[in-house]
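Letter by letter, the chains look like this.
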Amino acid sequence: MKYYSLNKQSPDVDFKEATIKGQAPDKGLYFPESIPVQEKAFFENIAQYSNEEIAFRLIQPYVAGTIADAALQGIVKETINFPIPLVPVNDRISSLELFHGPTLAFKDVGARFMSRCLGHFAHDRSEKVVVLVATSGDTGGAVAHGFYDVPGVEVVILYPSGKVSSVQEKQLTTLGKNIHALEVTGTFDDCQQMVKQAFVDEELTKKIFLTSANSINVARWLPQQFYYVLAWKQWTDKKNPPVISVPSGNFGNICAGLLAYCSGLPVKHFIAACNANAVVPSYLANGDYQPKKAIATISNAMDVGNPSNFVRILELFHHKLGDLRKVLTGYSISDDETKAVLKEVYQQYKYLPDPHGAVGYLALQRYLQQHADDKGMFLETAHPVKFYDVVEPVIGEAVPVPAAIQDQLKLTKQSTVIAPDYNALKETLLKKY
Ligand SMILES: *Cc1c(COP(=O)(O)O)cnc(C)c1O
């Protein structure tokens, strides 16, 4: 499989180069030259396959030629070695729980797959690889844990100071060893901008072998397809495929879902469930794409004003808004609505979503109100304990803290504070490496 840059000004590359480079030299995102279509029988008989077989079959065409099948099977196995259950909340809505990985959020799958691919590729290089990543919350922890102690790989994480939850901050600042946290006194968009600038700074990239671990990296983006097909395996009413609501920020996760759909996965409709950062829902409604500054909300992992992966969705639908609208509807949910629905779902159904899942739930509920014959699922993208600061006052109860997190909370934060300014990042990197 070859990958081309969406800016069309760089040479095509294979999976290995796309993973190592992260972003194309022309600043475009890499995109596969063709979308593999799976046989109908694969989806019809999905229950016969193990989770590892499903994941391998989905990812193999994208990786073929750069990692041998046997090694890829090993990587896939380690990537999804935790449960991804579909849990009924009421008779029309289920929750696909993506938070059973080591950092209790869905980004574990992408981070684990990418770190293992990069580790595999780093074998044949003598240089140290520096993974540079911006996080709005959960990416940092997932990347930190995914790459922790991987030989030959250093990790630098930029996060917006005071804008991530305390559990998220602990997960990305306490590991030490090859993991370094930069606390930026700005927004996530500032962090993302600084990272993007580093990759196109030739003076810097000549001295340091940089790669990205953001959701723009194909090795993080592509394995997220697994969730959707594993959800289909658990969906009982195969004659009536699900509406799938995806809490979205940078639009990597939902873009992977749409990719699985283009490969033949039965899905009735997709919902882009957003908080007050409503660039995509507005675009779907009125055709006007207006990136904005990020607005801080209680579902902070979705506080993105200029979602990087949305161009991939446009490419997938050949830039035809009419076609995209047939498959995708957007909703913007306010913080007050998020809190109200979180409380309601907990009291009525004894199911406790996190704020991101609550946004997904309410967006789905709104869609289903207009589509009486449909049923659906929302992606529960994080465990509620990661956002206990928000959840506890809403339900008036303590969220039980899993043992793994209790230990993390006791560790001491180690971070370097820097200004939201590219030169501050450059200086820090040059001093360190
Ligand atoms: C990252 C994240 C999202 C948004 O996912 P995107 O792929 O950026 O759209 C939603 N919920 C949680 C908990 C996240 O960590």
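Note that this is a predicted model, so its numbers are computed, not measured.

## Considering the overall build of the chain
So, point 1. Along its length, the chain carries 20 helices and 13 strands.
So, point 2. Here the C-alpha radius of gyration of the chain, 20 Å, is about what a compact globule of 433 residues would show, namely 22 Å.
So, point 3. When its C-alpha atoms are laid out on the principal axes, the chain stretches across 60 × 50 × 45 Å.
So, point 4. Restricting the contact set of the chain to residue pairs at least 6 apart, pairs at least 24 apart contribute 76%.
So, point 5. Surface accessibility of the chain: about 16700 Å² in total, with carbon and sulfur atoms responsible for 50%.

## Focus on the nonpolar core
So, point 1. The biggest cluster of nonpolar side chains holds 98 residues, and the ones touching the most others in it are Phe15, Phe113 and Phe147.
So, point 2. Beyond its immediate chain neighbours, meaning those up to four positions away, Phe15 contacts Met1, Tyr3, Tyr62, Val63, Thr66, Ile67, Phe113, Cys117, Phe121, Val218, Ala219 and Leu222.
So, point 3. Core analysis: the second largest hydrophobic core is formed by 35 residues, Ala105, Ala273, Tyr331 and Ile333 among them.

## Here we look at the UniProt feature "domain: Threonine synthase N-terminal" (unreviewed entry) in the chain
So, point 1. UniProt records the feature "domain: Threonine synthase N-terminal" (unreviewed entry) at residues 2-79, using the numbering of this structure.
So, point 2. This span, residues 2-79, is 46% helix and 8% strand, and a straight line between its end C-alpha atoms measures 23 Å.

## Concerning the pattern of salt bridges
Pairs can form between side chains of opposite charge whenever their charged atoms are close.
So, point 1. In the structure shown here, the tally under the stated rule is 13 salt bridges.
So, point 2. Of the charged contacts in the structure, one is a salt bridge between Lys128 and Glu154, with a shortest N-O distance of 3.7 Å. One end of the pair, Lys128, is in the loop between helix H5 (107-122) and strand S5 (129-134); the other, Glu154, is in strand S6 (residues 153-160), with 26 residues separating them in the sequence.
So, point 3. Using a relative accessible area of 47% as the deciding quantity, one classes Lys128 as partly exposed.
So, point 4. Judged by relative accessible area, which is 13%, Glu154 ranks as buried.
So, point 5. The salt bridge partner of Lys413 is Glu183, with a shortest N-O separation of 3.2 Å. Here Glu183 lies in strand S7 (residues 179-184) and Lys413 lies in the loop between helix H19 (403-410) and strand S13 (416-418), a separation of 230 residues in the sequence.
So, point 6. On the basis of relative accessible area, Lys413 is assigned to the partly exposed category, the value being 37%.
So, point 7. The class for Glu183 is buried, based on a relative accessible area of 9%.
So, point 8. In this structure, a network of salt bridges that share partners links the residues Asp201, Glu203, Lys207 and Lys426.

What counts, and where the lines are drawn
- Residues numbered from 1 in each chain as written.
- Predicted model: local features only at pLDDT ≥ 70, side-chain atom pairs only at ≥ 80, totals over all residues.
- Heavy atoms only, no water.
- Helix = DSSP H or I, 4+ residues; strand = E, 2+ residues; numbered from the N terminus.
- Rg over C-alpha atoms; globule rule 2.2 N^0.38 Å.
- Contact = heavy atoms within 4.5 Å.
- Areas by Shrake-Rupley, 256 points an atom, 1.4 Å probe, with all protein chains shown as cover.
- Core = buried A, V, L, I, M, F, W, Y, C linked by side-chain atoms within 4.5 Å.
- Buried < 20%, exposed > 50% of the residue type's maximum accessible area, 1.4 Å probe, protein only.
- UniProt positions renumbered as here; feature names shortened; annotations may be inferred.
- Salt bridge = Lys/Arg side-chain N within 4 Å of Asp/Glu carboxyl O.

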